[in-house]
Amino acid sequence: LVMLSSSRFVVAVHALSVLARHSGRGPVCSSLIAESVHTNPVVIRRLMSELEKSDLVKSTAGRTGGFELARPAPNISLADVYSAVEDETVFRMHKIDPDNECPVAKQLYQVLSPPLRAAEKALTQSLGGTSLHDVVRNFA
């Protein structure tokens, strides 16, 4: 089990799953999504803003407004969701001083970069193989 540095990805998948289950029935308000996720509607609106920038959701303003999927659930991969709400890199290196005399400090980034980038690529490929539809179809 991979421990992500934040829950934003899982919350985004949860919120999008709510939208997918309501697909074809009009926009879903942030309060309803927030109730399902057990968070504040403001948190959901901020997250939806990021998902909208990535063309995963669309919003409708007004009293009967809310959020809908911008494209069909089978056309939204978990990799799409991840890249919309998380930082580009899973692993962050601490600040390294290239002038440091310590051989570890001088070379750590160079040595760690290849395996860390390979791990990030594997994560993206794995998430890319699962669509939002795959997630939602497993719910009763």
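Residues numbered from 1 in each chain as written. Predicted model: local features only at pLDDT ≥ 70, side-chain atom pairs only at ≥ 80, totals over all residues. Heavy atoms only, no water.

Engineer: Can you help me understand the overall build of the protein chain in this one?
Structural biologist: When helices and strands are tallied, the protein chain shows six helices and two strands. Starting at the N terminus and walking to the C terminus, you meet the elements of the protein chain as α-α-α-β-β-α-α-α. Buried residues in the protein chain amount to 31% of all 140 residues. Within the protein chain, residue pairs in contact and separated by at least 24 positions form 62% of the contacts whose partners lie at least 6 positions apart. (Helix = DSSP H or I, 4+ residues; strand = E, 2+ residues; numbered from the N terminus. Buried < 20%, exposed > 50% of the residue type's maximum accessible area, 1.4 Å probe, protein only. Contact = heavy atoms within 4.5 Å.)

Engineer: I keep staring at the pattern of salt bridges and nothing clicks. Help me out?
Structural biologist: Should the charged atoms of two oppositely charged side chains come close, the side chains can pair. Under the counting rule described, the total for this entry stands at four salt bridges. Of the charged contacts, one joins Glu 50 and Arg 8 as a salt bridge, the two residues approaching to 2.4 Å between their closest N and O atoms. In this pair, Glu 50 sits in helix α3 (residues 41–53) while Arg 8 sits in helix α1 (residues 8–21), placing the two residues 42 residues apart along the sequence. A salt bridge links Arg 71 to Asp 80; the nearest nitrogen and oxygen atoms lie 3.0 Å apart. According to the relative accessible area criterion, Arg 71 is partly exposed, its value standing at 27%. When its relative accessible area of 25% is taken as the criterion, Asp 80 is described as partly exposed. (Salt bridge = Lys/Arg side-chain N within 4 Å of Asp/Glu carboxyl O.)

Engineer: When you look at the packing of α3 against helix α4 (residues 78–85) in this model, what are you seeing that I'm missing?
Structural biologist: Interhelical geometry of α3 versus α4 gives an angle of 115 degrees and a closest axis separation of 9 Å. On the basis of the axis angle, α3 is roughly perpendicular to α4. Relative to α4, α3 is oriented so that their crossing is right-handed. In contact with Leu 47, Glu 50 and Leu 51 of α3, α4 contributes Val 81, Ala 84 and Val 85. (Axes fitted to C-alpha atoms, helices over the stretch in contact; angles between N-to-C directions. Parallel < 35°, antiparallel > 145°, perpendicular 65-115°, else oblique. Left-handed = near helix turned anticlockwise from the far one by under 90°.)

Engineer: Hey, could you run me through the confidence of the model for the protein chain in this one?
Structural biologist: Interpretation of the predicted coordinates at a detailed level should be avoided for regions scoring low in pLDDT. When pLDDT is averaged across the protein chain, the result is 87; 87% of the residues are at 70 or more. Mean pLDDT across the elements of the protein chain bottoms out in helix α5 (residues 103–128) (85) and peaks in strand β2 (residues 66–69) (96). (pLDDT = per-residue confidence, 0-100.)

Engineer: What am I meant to see in the nonpolar core here?
Structural biologist: Nonpolar side chains tend to gather and get buried jointly when the protein is soluble and globular. Counting 33 residues, the largest nonpolar core has Leu 19, Ile 33, Met 48, Leu 51 and Val 81 as the members making the most contacts within it. Sorting elements by how many residues they give to this core places α1 first, with nine residues. Residues within four places of Leu 51 in sequence aside, it is in contact with Ala 12, Leu 16, Leu 56, Val 57, Val 81, Ala 84 and Val 85. (Core = buried A, V, L, I, M, F, W, Y, C linked by side-chain atoms within 4.5 Å.)

Engineer: Would you mind going over unusual backbone geometry with me for this structure?
Structural biologist: Across the chain, the bulk of peptide bonds are trans and the bulk of non-glycine residues have phi less than zero. Phi at His 38 takes a positive value of approximately 65 degrees, unusual for a residue other than glycine. Note that His 38 resides in the loop between α2 (30–37) and α3. Notably, Asp 55 is not glycine yet its phi reads approximately 60 degrees, a positive angle. For Asp 55, the location among the structural elements is in the loop between α3 and β1 (57–60). Using a relative accessible area of 52% as the deciding quantity, one classes Asp 55 as exposed.

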